[in-house]
Amino acid sequence: MKSLVILISGRGSNMQALIEARLPVRIAAVISSNPEAGGLEIARMHSIETRVVDQLAHPDRAAFDTALAEVIDSFQPDLVALAGFMRILGDKFVEHYHGRLMNIHPSLLPSFPGLDTHTRALKAGVKIHGCTVHFVTPQVDHGPIITQSAVPVLPDDTSKTLSARVLQQEHRIYPEAIRWFLEDRLQLSHNHVSVSGAVMDDSVLNSPKLLG
Ligand code: GRF
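Rules used in this analysis
- Residues numbered from 1 in each chain as written.
- Predicted model: local features only at pLDDT ≥ 70, side-chain atom pairs only at ≥ 80, totals over all residues.
- Heavy atoms only, no water.
- Helix = DSSP H or I, 4+ residues; strand = E, 2+ residues; numbered from the N terminus.
- Rg over C-alpha atoms; globule rule 2.2 N^0.38 Å.
- Buried < 20%, exposed > 50% of the residue type's maximum accessible area, 1.4 Å probe, protein only.
- Lys, Arg positive; Asp, Glu negative; His and termini not counted.
- Charge placed at Lys NZ, Arg CZ, Asp CG, Glu CD.
- Pairing = 2+ DSSP bridges.
- Axes fitted to C-alpha atoms, helices over the stretch in contact; angles between N-to-C directions.
- Contact = heavy atoms within 4.5 Å.
- Near = heavy atom within 4 Å.
- Polar contact = N/O pair within 3.5 Å; in protein donor to acceptor, adjacent residues only side chain to side chain.
- Areas by Shrake-Rupley, 256 points an atom, 1.4 Å probe, with all protein chains shown as cover.
- Nonpolar A, V, L, I, M, F, W, Y, C, P; charged D, E, K, R; others polar.
- Parallel < 35°, antiparallel > 145°, perpendicular 65-115°, else oblique.
- Left-handed = near helix turned anticlockwise from the far one by under 90°.
- Right-handed = clockwise from strand over helix to strand, strands pointing away.

Visitor: Honestly, the overall build of the chain in this entry has me stumped. Any pointers?
Guide: Summing up its helical and strand segments, the chain has 6 helices and 9 strands in all. A compact globule built from 212 residues would reach a C-alpha radius of gyration of about 17 Å, and the chain, at 17 Å, matches this within 12%. Overall, the chain is about 60 × 35 × 35 Å in size when its C-alpha atoms are taken along their principal axes. When burial is assessed residue by residue, the chain has 45% of its 212 residues classed as buried. Looking at charge distribution, the chain has the averaged site of its 19 positive side-chain charges lying 4 Å from that of its 22 negative ones.

What follows is the structure in structure tokens.
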């Protein structure tokens, strides 16, 4: 069975979704960059090994990356999943995990890379927003896209209501994408990912739309 290491920094709801999806994978460890991350407790409750590589205990990014890679590699995972991991990773680190490092991002990339995606989406007035699972490459939030899910932006949305709607989809598509990886369905070539056996849904999301 393949093995997975999950990296977190905070509450860990995506990590929890991955655990509860009962994927055909051994979750070898959950590693947090933040000793206070709520997700650590959730992982322990599921009897998953946890480690902390404290970002504040390392003088610079290179030292942090080296320490983190050492801990990850001690578990020899087939796949590393970033789940609310709030550190920017250096090129050397990212290249070491080429093709086996995934991230979930709360926007329809390439729109709104970076932080505060829901506030920025509301400010931009987009009518459709969503989330993206992608392979990680050195340029933050720009790696090859594996899958996306779109949700409407409603007239009364706040960043709280919008993020809740998007998060529901994150919890759905991240386990799905990882399942595809585990089933060897993902082919990565020239920055594009294809999913063997996937049926493309041709229904259209229009937002807003007039009824009748
Ligand atoms: C999620 O929206 C994830 O997409 C983003 O940070 C948030 C983390 O939430 N990268 P959680 O820790 O998984 O609950």
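Visitor: Help me understand the sheet that holds strand β7 (residues 145-152), please; the structure alone is not making it clear to me.
Guide: As a general point, the strands of a sheet are linked pairwise by backbone hydrogen bonds and lie either parallel or antiparallel. A sheet is described by the order of its strands in space; here 7 strands give the open sequence β3-β2-β1-β4-β5-β6-β7, paired in mixed fashion. Both outer strands of the open sheet, β3 (50-52) and β7, are each paired with one neighbouring strand and no more. Taking each pair of neighbouring strands and ignoring which way they run, the sheet shows an average axis angle of 20°. Two elements, strand β5 (residues 101-105) and strand β6 (residues 128-135), share 4 bridges in a ladder whose sense is antiparallel. In the strand pairing of β6, M102 is matched with F135. Helix α2 (residues 38-45) rests against β1 (3-8), β2 (26-32) and β3 of the sheet, and its axis sits at about 155° to β3.

Visitor: What's the story with the site of the ligand in this structure? I'm lost.
Guide: The ligand sits among R11, G12, S13, N14, G84, I104, P106 and E170. Between the ligand and G12, the relevant distance is 2.9 Å, taken from an oxygen atom to a main-chain nitrogen or oxygen of the residue. About the coverage of the ligand: the protein hides 85% of its 370 Å² of free accessible area. The residue makeup of the shell around the ligand, split by class, is 2 nonpolar, 4 polar and 2 charged.

Visitor: How should the packing of helix α1 (residues 13-20) against helix α6 (residues 159-182) be read in this particular structure?
Guide: Between α1 and α6, the shortest axis-to-axis distance is 9 Å and the interhelical angle comes to 50°. Between α1 and α6, the interaxial angle falls into the category oblique. Taken as a pair, α1 and α6 cross one another with a handedness that is right-handed. Between α1 and α6, the residues in contact are S13, N14, A17 and L18 and L167, E170, H171, Y174, P175 and I178, respectively. Broken down by class, the residue content of the contact of α1 with α6 amounts to 6 nonpolar, 3 polar and 1 charged.

Visitor: Help me understand the pairing of β1, please; the structure alone is not making it clear to me.
Guide: In the case of a regular strand, side chains alternate between the two sheet surfaces. When you tally the buried positions in β1, you get 6 out of 6 residues, the bulk of the element. Note that β1 and β2 share 6 bridges and pair parallel. In the sheet register, L4 faces β2, and the bridge partner there is I27. On the question of chirality, the crossover connecting β1 to the parallel β2 by way of α1 is right-handed.

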